[in-house]
Amino acid sequence: MPEIKELVKQLADKHGRNRESLLPILQGIVTEERYISDFAMTEVARELDMSAALVYGTATFYSFLDTKPRGKYVIRLCKTITCDMKGKKQILRTLEDLLKIEVGETTKDKKFTLLETNCLGWCHKGPAMLINDEVYTEITPEKVSEIIGDYMKNR
Amino acid sequence: MAKTVNLKIDGISVSVEQGTTVLGAAKQINIHIPTLCYHEDLCVAGNCRVCVVEQEGAKNLVASCAMPASEGMIIHTNTHKVRNARRHVVELLLSEHNADCTKCYKNTKCELQNLASEMVITEPMFIDLVPFKEYKIDKQSPSIIKDNSKCIRCQRCVRTCHELQHVSALGVAYKGDHMKISTFFENPMYDVVCTNCGQCVNRCPTGALVEKNYIDQVWEAIYDPNKHVIVQTAPATRIALGEDLGMESGSIVTGKMAASLRRLGFDSVLDTDFTADLTIMEEGTELLTRLKKALVDKDTSIKLPMFTSCSPGWIKFIEHLYPEYLDNLSTCKSPQQMFGALAKTYYAQKKGIDPASIVSVSIMPCTAKKFEAARPEMRDSGFQDVDLGLTTRELAVMIKQAGIEFESLADEKFDSIMGESTGAAVIFGATGGVMEAALRTAYELITGREVPFKNLNITAVRGMEGVREASVKLENVLPAWSFLEGVELKTAVAHGLTNAHQIMEAIKKGEAHYHFVEVMGCPGGCIGGGGQPIPTTPEIRKKRAEAIYREDEGMKLRKSHENPEVIQIYKEFLGEPLGHKSHELLHTHYVPRKRV
Amino acid sequence: MPDKRLKRVDLIFSDECVYKDVLTKALKKSSEEIIKDILDSGLRGRGGAGFPTGMKWKFTAQEAEPEKYVVCNADEGEPGTFKDREILTRVPHKVFGGMAICGKAIGAKHGYVYLRGEYRFLKADIENALEKFHNTLKEIGFDFQIHLLMGAGAYICGEESALFESMEGHRGEPRNKPPYPTIAGFRKKPTVINNVETLVYAFMICNIGSKQFYDLGTADSRGSKVFSVSGDTPIPGIYELELGMSLETFVEEFGDGDTKAVQVGGASGFCVPRKKFKDTIIGFEGVPTGGSMMIFNSSRSMYNVLKNYVEFFEEESCGQCTPCRVGCQQLKLGIEAVKKGEKSAAYLDTLRKLADTMKISAKCGLGQSVANSFSSIVDNFKEEMIY
């Protein structure tokens, strides 16, 4: 908790303490913590002297500002039709098998969270997914196994 | 002179001031356009889309509440296209709304229901969405019930909480099909920064936000032969109750209210105005004591300005948002709670009734009073001082339930004791009233003369300006108050918590220097309270305030210290203002609360 | 009816011009000269809506308010569109150049790039490019600063007023219009907001002159456009093509020989079935597009396509206005119910009418455009929608 308090303070020092700095601060928290806890939000509200309900309302509007605990690596698989047509369902099944979780869940070791997302902007190279900020395109079940295997072993 | 623009609505030409919306222009020529998210007190949202109209030359329909009238505009409000669209919008809202109307507290008072009825909707056009959502009703607060299944997402409550009250306990969360009106992390209203002011309840078009009602509990008490049920009525109820019973805004119904309460079966019909007068004695003395300690004794622990403490919404606001100013609050309980504490002590003694058998009911213009009554600090009589707090609206329901033809009732008087009051008490109901009442008494106490205002009317503190300031120079004071000779007593008045916020920030920054500040949590003061008849608009609040001041002018006694029952209670029971007994029963303390 | 043959153009990505010279020359021009060039070129916004760019700049330039802004809308979220990412990856300096020129034209000192959260991996590269750009501007002696802001996963923020709300730290909920951004945009100040591609074309028009651009395309759709081609095509990718070709021409080039339908303009665009390819012009006189071209062959279920789109809108609606928030949910549940046989085929007509209402009564472009894909797919592939 004290670390989050300090983090929020640092972010507020960096981005400022007005409403316009809210998104950059929330993004900064997600970068460090992968999600924004209720405690973090109250800290943001305090630093910016604004209502916590409004911080919550703003955070929950944006898909990338997670308000539920997430794993160290958040996998976002594109579910738009073009990725779907190129075999997204199979990729999803592979990911679920590999991680032994379903969409929306986090692995027990808190390493991975599996989510679906809207168009990632890689329609010509579908299926596509993000792991945190990194993009993986034209993925196949084999490639996915490789990628996830690498994350499991080496990261 | 503002520029005017000319437009045509449904073939009728109309000239309006620039900046007027199409909705406003239509209103001027008596064309009614239905609305839901629109509210006169709030900024325009333009999100429900019920008020769409056709503008010639425009591809799409326009929301009349958000579209400014412009020169040469041609508007049609009742075309095929408009009717279809409106019907769709209402059908969509109904599909999202838990339309179990007969089981709804707002049944027959729901704006969505009215629209559906106007459109003669008998069969749903779309699939019922309610079963697809997991709705939970939040009933934990003693004041307000929030039922998302009835919410149509018009955001009136959100705007109210933000714009009028600067609290933002309610916000909009998530998006798309998950979008909802939510507190912080969807915590119960009881557990967030909510002040219980009920302004959201006043503006919710449906039954999504309603007061928690205690109607049945009151009936149970009345029917119980072993209970002695007394009722007190707040100043602002007597000028608003009639609105819920078929009367015009601004009707004074003090006598009818007393009569109806007696008919309902209350054993004693008493008046909060009595303790409003008592509050002036206690709070006025407290102010003068603080001034003496600060000015003469140079006691730096004394906090000035002193803030009034009658409004439980304001109290909770300061507890949450400005806990460092708790010592500035007058320690006086609100009139409701002074009454409660005395009812089960002084009243019980005088009447020879076992206080344990007394059920103390209050009729308040307020939802926060319910919370206040339940505060653990409010048990100085040895019992819960006020057992059941009802709103003006709930009383109106009870009167209807009892089959009383309210308008035709002959006026009756309050019972005694604790039924006598002055004009100074009744103006508690309007913003500035406590200040005016306090000045009438304090000035006279200090100088031996009446306040130097025509007819005792201190107009500087009246009105609907958000923050008002007034100062009174104290000259030729009585010897006992010589330390106040030449002092300019600086006061300020604010109503609605956004204005309170403004005053608090000015004080915090050292920009404002007052001795005494009156704050009422609701716009207009208690006349615009969260428990008052719905709807509320600036116009309605103005009429209620006028009625309050008429009632004051019509009273024989208009200064609290002249109230004979007040004089009597000090003689027989309390001793003196701020005395030992007063301290025990009439004063309280406050607790800091979290900001969230 | 114009039917240009397919013609590839190379304005956006070509690097034959000397960047600094173009910028220097453009920034020496007066505001009026720049705006005249853009007006003369016939350039219309490349984000999808197609508002004449020169007019936008002119209106904003006319405002007396000293504080104005240029905003680059890089919140590319329309399903099937990925051209802005490519542009920002390969030629970000041209985007910035377009912004600076616009700044000169309207009298703005600050520009903002609002980049969608999904493209965060581009952030470092863009920041580097910005540093270089700011140095170049310093050398030229033009006072203009560009800031990078990140989105956080909300399609609706591509709607201009929602984007301003987001930049200001709020939920991305579209505002009432009027007022338009040219009068009250970012921080309620006069603002030009242009799509990434539009800004590059503005820059290129300053290089090649308005006439060369004007001579490309058709009366309603001047110039060329970057297309994002995906779906059932052997050659998916980014293509800069002259505007004005028919869909038939397009499909001949990009289809897999079995094309059943093309979704032009993404989820918010129109679905054109095979039988209408010949008569459909890609452009503002026919079917407009922000660049998204999704090709479907006969193996695809148009019900699945539609359901995917409607689910997308149901999630990505900001939720504030009734027609969009509730309408999208009803459209989705409705087609599912018809497909399962729980509702009769006639219910599709009810939904079609609902879509029509959404088109004329929703608060912003998102809700208004749901009907485009919904009605065009339901009308053309009704048999696929029914149980």
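Note: the structure precedes this text.
Rules used in this analysis
Chains are numbered independently. Their residues run from 1 in the order of the written sequence. Chain letters and ligand numbers both follow the written order, the letters beginning at A and the numbers at 1. Side-chain atom pairs in this predicted model are given and counted only at pLDDT of 80 or more, local residue features only at pLDDT of at least 70, and totals for whole chains, interfaces and linings cover all residues. Here the contact rule is simple: place C-beta atoms from the backbone, and any two residues whose C-beta atoms are within 7 Å are in contact. Under the DSSP-based scheme used, a helix requires at least four consecutive residues in state H or I and a strand at least two consecutive residues in state E, with every element numbered from the N terminus. For this scheme, ten residues count as nonpolar: Ala, Val, Leu, Ile, Met, Phe, Trp, Tyr, Cys and Pro. Four count as charged, namely Asp, Glu, Lys and Arg, and the remainder, Gly too, count as polar. Partly exposed residues are those whose C-beta has more than 12 but fewer than 20 other C-beta atoms within 10 Å; with 20 or more the residue is buried, with 12 or fewer it is exposed, and the C-beta atoms are placed from the backbone. Two strands pair under a simple rule: DSSP has to find at least two bridges between them. Angular values range over 0 to 180 degrees, each being the angle between N-to-C directions of two axes fitted as lines to C-alpha atoms, with helices fitted over their stretch in contact. Here the word oblique covers every angle except those under 35 degrees (roughly parallel), over 145 (roughly antiparallel) and from 65 to 115 (roughly perpendicular).

**Regarding the interface of chain C and chain A**
Then step 1. Listed as interface residues are 36 residues of chain C and, on the opposing side, 29 residues of chain A.
Then step 2. Among the elements that line the side of chain C that touches chain A, the one with the most residues is helix H11 (residues 302-316) of chain C, at five residues.
Then step 3. Here the side of chain C that touches chain A is built from residues that sort into 13 nonpolar, 14 polar and nine charged.

**Examining the interface of chain A and chain B**
Then step 1. Contact residues are listed per partner, giving twelve residues for chain A and 16 residues for chain B.
Then step 2. Going through the elements one at a time, helix H3 (38-48) and helix H4 (52-61) of chain A are the ones with two or more residues in the side of chain A that touches chain B.
Then step 3. The greatest single-element share of the side of chain A that touches chain B, amounting to seven residues, is contributed by H4 of chain A.

**A short note on the environment of Val103 of chain A**
All names here are of chain A.
Then step 1. Relative to the assigned elements, Val103 resides in the loop between helix H6 (88-99) and strand E2 (112-117).
Then step 2. By the C-beta count within 10 Å, which is 14 here, Val103 ends up partly exposed.
Then step 3. As for Val103 and Ile75, which are separated by 28 residues in sequence, their C-alpha atoms are 9.7 Å apart.
Then step 4. Sequence-distant contacts of Val103, that is, excluding residues within four places in its chain, are made with Leu92, Leu114, Leu115 and Glu116.

**A word on the pairing of strand E2 (residues 110-115) of chain C**
Residue and element names in this part refer to chain C.
Then step 1. Burial of E2 is extensive: five of the six residues sit out of reach of the surface.
Then step 2. The pairing of strand E1 (residues 69-74) with E2 spans six bridges and is parallel. The residue bridging Val71 from the neighbouring strand is Tyr112, located in E2.
Then step 3. As defined by bridge partners, E2 adjoins strand E3 (residues 145-150) across six bridges and the pair is classed as parallel.

**Details of the sheet that holds E3 of chain C**
Residue and element names in this part refer to chain C.
Then step 1. Pairing in this open sheet of four strands is parallel, and the strands run E3-E2-E1-E4 from one edge to the other. The outermost strands of the open sheet, each flanked by one partner alone, are E3 and strand E4 (191-195). Ignoring strand direction, the axes of neighbouring strands in this sheet form an average angle of 20°.

**Considering the packing of helix H3 (residues 53-62) of chain C against helix H5 (residues 92-106) of chain C**
Residue and element names in this part refer to chain C.
Then step 1. Contact geometry of H3 with H5 gives a least axis separation of 8 Å together with a crossing angle of 45°. With respect to H5, the axis of H3 lies oblique. Between H3 and H5, the contacting residues are Trp57, Thr60 and Ala61 on the first element and Cys102, Ala105 and Ile106 on the second.
Then step 2. Residues belonging to the contact of H3 with H5 are distributed by class as follows: five nonpolar, one polar and no charged.

**What to know about the sheet that holds strand E8 (residues 270-273) of chain C**
Residue and element names in this part refer to chain C.
Then step 1. Read from one edge to the other, the open sheet built from five strands follows the order E6-E5-E9-E7-E8, with strand pairing classed as mixed. Among the strands making up the open sheet, the edge pair consists of strand E6 (237-242) and E8. Averaged over all neighbouring strand pairs, the angle between strand axes comes to 30°, with direction disregarded.
Then step 2. As paired elements, strand E7 (residues 259-264) and E8 share four bridges and run antiparallel to each other. Counterpart to Ala261 in the pairing with E8 is Pro273.

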